[in-house]
Amino acid sequence: GSQRFAGEPMIVPKAPSSSPSKITEETDAWCCTFVYDSDDHASDLVILDAANLDAGPVATIRLPAFVPYSFHGCWSETAFLLD
């Protein structure tokens, strides 16, 4: 649709064992954001290569339910979540 709004991006390490604080190069991360399409009342998870944002999405995943615009998220290591 013509009315698409991107939310706050999340930086996610490409290597599963890395944490955002250990990323040293832009090529080490994905830039992920929820995009709300108000024409379709639907949301996509859009994944971009942080090293090449101009290339456009690496993947776009239509979600089964919309994510409210302005939804906030963060990346956490599995170890952190288990504590």
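Residues numbered from 1 in each chain as written. Predicted model: local features only at pLDDT ≥ 70, side-chain atom pairs only at ≥ 80, totals over all residues. Heavy atoms only, no water.

A.B. asks: Help me get a handle on the overall build of the protein, residues and values and all.
C.D. replies: Helix and strand content of the protein: one helix and five strands. Put simply, the protein has 83 residues, and 24% of those count as buried. In the protein, once contacts between residues fewer than 6 apart in sequence are set aside, the share between residues at least 24 apart is 42%. Entry remark: accessible area of the protein is about 5700 Å², with carbon and sulfur atoms responsible for 59%. (Helix = DSSP H or I, 4+ residues; strand = E, 2+ residues; numbered from the N terminus. Buried < 20%, exposed > 50% of the residue type's maximum accessible area, 1.4 Å probe, protein only. Contact = heavy atoms within 4.5 Å. Areas by Shrake-Rupley, 256 points an atom, 1.4 Å probe, with all protein chains shown as cover.)

A.B. asks: Could you give an account of the environment of Asp28, naming the residues involved and the relevant values?
C.D. replies: With respect to the helices and strands, Asp28 occurs in the loop between β2 (10–13) and β3 (29–37). Classification of Asp28 as partly exposed rests on a relative accessible area of 30%. Along the chain, Asp28 and Ala51 lie 23 residues apart, while their C-alpha atoms are 7.9 Å from each other.

A.B. asks: Give a detailed account of the pattern of salt bridges, specifying residues and quantitative values.
C.D. replies: For the structure on display, the rule yields four salt bridges. When the shortest N-O distance is used, the salt bridge between Arg4 and Asp37 registers 3.6 Å. Taken together, the residues span a long stretch of sequence, with Arg4 in strand β1 (residues 4–6) and Asp37 in strand β3 at a distance of 33 residues. Overall, Asp37 belongs to the buried group, its relative accessible area being 2%. The salt bridge partner of Asp44 is Arg4, with a shortest N-O separation of 3.2 Å. (Salt bridge = Lys/Arg side-chain N within 4 Å of Asp/Glu carboxyl O.)

A.B. asks: Would you mind going over the environment of Pro9 in detail, with residue names and values included?
C.D. replies: Of note, Pro9 is situated in the loop between β1 and β2. Separated by 26 residues in sequence, Pro9 and Val35 have C-alpha atoms that sit 9.8 Å apart. When residues no more than four places from it in sequence are discounted, the contact partners of Pro9 are Cys31, Cys32 and Thr33.

A.B. asks: Help me get a handle on the state of the cysteines, residues and values and all.
C.D. replies: One pass over the full model with this rule turns up zero disulfides. In this structure Cys31 is a free cysteine whose sulfur lies 6.8 Å from that of Cys32, the closest cysteine sulfur available. Residue Cys32 is classed as buried on the basis of its relative accessible area, which comes to 9%. (Disulfide = S-S within 2.5 Å.)

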